[in-house]
Each structure stands twice: as structure tokens, then as C-alpha cells.
Amino acid sequence: MGDLGHVWQSIVDLAIRHVRYGVKIEQYAFVGDVLLDTFKHILGDRFTPATREAWEALYAKIASTMIREAYGDYGIEPK
Ligand code: HEM
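Residues numbered from 1 in each chain as written. Predicted model: local features only at pLDDT ≥ 70, side-chain atom pairs only at ≥ 80, totals over all residues. Heavy atoms only, no water.

Trainee: Before we move on, can you summarise the overall build of the protein chain with the specific residues and values?
Mentor: Each helix and strand in the protein chain was counted, giving three helices and zero strands. Helices and strands in the protein chain line up, N terminus first, as α-α-α. Each principal axis of the C-alpha atoms in the protein chain carries an extent, and together these give about 45 × 25 × 20 Å. A separation threshold of at least 6 residues defines the contact pool for the protein chain, and within that pool the share at least 24 residues apart is 73%. Within the structure as shown, the protein chain displays about 5800 Å² of accessible surface, and the carbon and sulfur contribution to it stands at 60%. With 9 positive and 11 negative side-chain charges, the protein chain shows a separation of 5 Å between the mean positions of the two kinds. (Helix = DSSP H or I, 4+ residues; strand = E, 2+ residues; numbered from the N terminus. Contact = heavy atoms within 4.5 Å. Areas by Shrake-Rupley, 256 points an atom, 1.4 Å probe, with all protein chains shown as cover. Lys, Arg positive; Asp, Glu negative; His and termini not counted. Charge placed at Lys NZ, Arg CZ, Asp CG, Glu CD.)

Trainee: Go over a nonpolar patch on the surface, please, and point to the residues and values.
Mentor: Side chains of Phe30, Val31 and Val34 sit close together on the surface and give an oily, nonpolar patch of about 280 Å² of accessible area. Looking at the element boundaries, Val34 is found in helix 2 (residues 27–43). (Patch = residues over 30% accessible without salt bridge, like charges linked within 9 Å, V, L, I, M, F, W, Y side chains within 5 Å. Salt bridge = Lys/Arg side-chain N within 4 Å of Asp/Glu carboxyl O.)

Trainee: Describe the site of the ligand, naming the residues involved and giving the relevant values.
Mentor: Close to the ligand lie Leu14, Arg17, His18, Tyr21, Val23, Gln27, Tyr28, Val31, Tyr59, Ile62 and Met66. Between the ligand and His18 there is a distance of 2.8 Å, counted from a nitrogen atom to a side-chain nitrogen or oxygen. A distance of 2.5 Å separates an oxygen atom of the ligand from a polar atom in the side chain of Tyr21. Elements supplying a minimum of two residues to the shell around the ligand: helix 1 (8–20), helix 2 and helix 3 (49–71). Considering only residue class, the shell around the ligand consists of eight nonpolar, two polar and one charged. (Near = heavy atom within 4 Å. Polar contact = N/O pair within 3.5 Å; in protein donor to acceptor, adjacent residues only side chain to side chain. Nonpolar A, V, L, I, M, F, W, Y, C, P; charged D, E, K, R; others polar.)

Trainee: Hey, could you go over the environment of Arg68 for me, with residue numbers and the actual values?
Mentor: By the element assignment, Arg68 lies in helix 3. With 32 residues separating them along the chain, Arg68 and Leu36 place their C-alpha atoms 22 Å apart.

Trainee: Pulling in residues and values, what's your account of the coordination of the iron atom of the ligand?
Mentor: Under ideal tetrahedral coordination, the four donors around a metal are separated by 109.5 degrees; under ideal octahedral coordination, the six donors are separated by 90 or 180 degrees. In this structure, the iron atom of the ligand receives exactly one donor atom from the protein: His18 (NE2), at 2.0 Å. Of note, His18 is situated in helix 1. (Donors = N, O, S within 2.8 Å, 3.2 Å for Na, K, Ca; no water.)

Trainee: Quick one: what's the story with the confidence of the model for the protein chain, residue by residue and with numbers?
Mentor: For the protein chain, per-residue confidence averages 91 on the pLDDT scale, and residues scoring 70 or more make up 92% of the total. Mean pLDDT values over the elements of the protein chain span from 94, in helix 1, up to 97, in helix 2. (pLDDT = per-residue confidence, 0-100.)

Trainee: Run through the pattern of salt bridges, naming residues and quoting values.
Mentor: What the rule picks out here adds up to three salt bridges. With a closest N to O distance of 3.6 Å, Arg52 and Glu56 form a salt bridge. With Arg52 and Glu56 both in helix 3 and four residues apart, the pair spans about one turn of that helix. In this structure, Glu69 and Arg68 form a salt bridge, with 3.9 Å as the shortest nitrogen-oxygen distance.

Trainee: Which residues make up the nonpolar core, and what values do they have?
Mentor: Of all hydrophobic cores here, the largest spans eleven residues; its members are Leu4, Ile11, Ala15, Val23, Tyr28, Tyr59, Ala63, Met66, Ile67, Ala70 and Tyr71. Taken together, the elements giving at least two residues each to this core come down to helix 1 and helix 3. Per-element accounting of this core gives the leading share, six residues, to helix 3. Residues in contact with Ala15, not counting those within four places in the same chain, are Met66 and Ala70. (Core = buried A, V, L, I, M, F, W, Y, C linked by side-chain atoms within 4.5 Å. Buried < 20%, exposed > 50% of the residue type's maximum accessible area, 1.4 Å probe, protein only.)

Written out as C-alpha cells, the structure is:
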């Protein structure tokens, strides 16, 4: 997946707000799993493997960008 282009700054701002919400790094994986499980629950067979893969790739891209921008390359959370 390519770069996030013109939405990149919005994602950075969103990441900073999530630090203020008290979100922890490890919660990103959990929220991603729940999001995809919800899609499956609602869409059933219409949530095809290809669609799941596309959403997994998108979520991973956004979440990893948010984590890196909010916590830095070393993943250090504020005290
Ligand atoms: C790719 C990952 C995520 C995206 C795109 C996302 C997106 C959003 C958006 C658009 C909002 C609305 C408020 C705002 O714009 O600041 C929001 C609020 C919030 N998110 Fe996330 N989020 C993500 C991950 C997470 C994770 C991992 C958690 C951890 C539990 C979380 C917890 C929250 C909380 C607590 C709020 C504030 C709710 C409120 O008080 O109104 N988010 N998120």
C-alpha cells in the first residue's frame, strides 16, 4: 500500500488526540481485530477474504502510522 498522501496530516492529528484519550499501543491490535470481527458479523459471506485482506492492510497502515507519530520510532508512551 502506498503512502497516505493528503490524509497523512489528519492521521497524525488523530494519533495525538488518541494519546490524550489514554490509548495504549497494544490496544491498536485489539481494536483492529474487533473492527474486522464486526464487519464479518454484519456482512457475513459478503465480507470476502479479499475484502478482509484489504481492510487488514488499511488498518495496519493507519494504526502503524498513528503509533509511530504518537509514540516515536521506539514506541515510548508518555508517563
Ligand atoms: C486506526 C485506528 C483508529 C482510528 C482510525 C480511530 C478513529 C477515531 C476517531 C475518528 C475518533 C473521533 C474523535 C477524534 O477524531 O479525535 C476516535 C475517538 C476515540 N478513539 Fe479511536 N481510532 C483508532 C484507534 C483507537 C484505539 C486503538 C483506541 C483504544 C481503545 C481508541 C479509542 C478512542 C477513544 C477513547 C476515543 C474518544 C471517544 C470519545 O470520548 O468521544 N481508538 N477514534
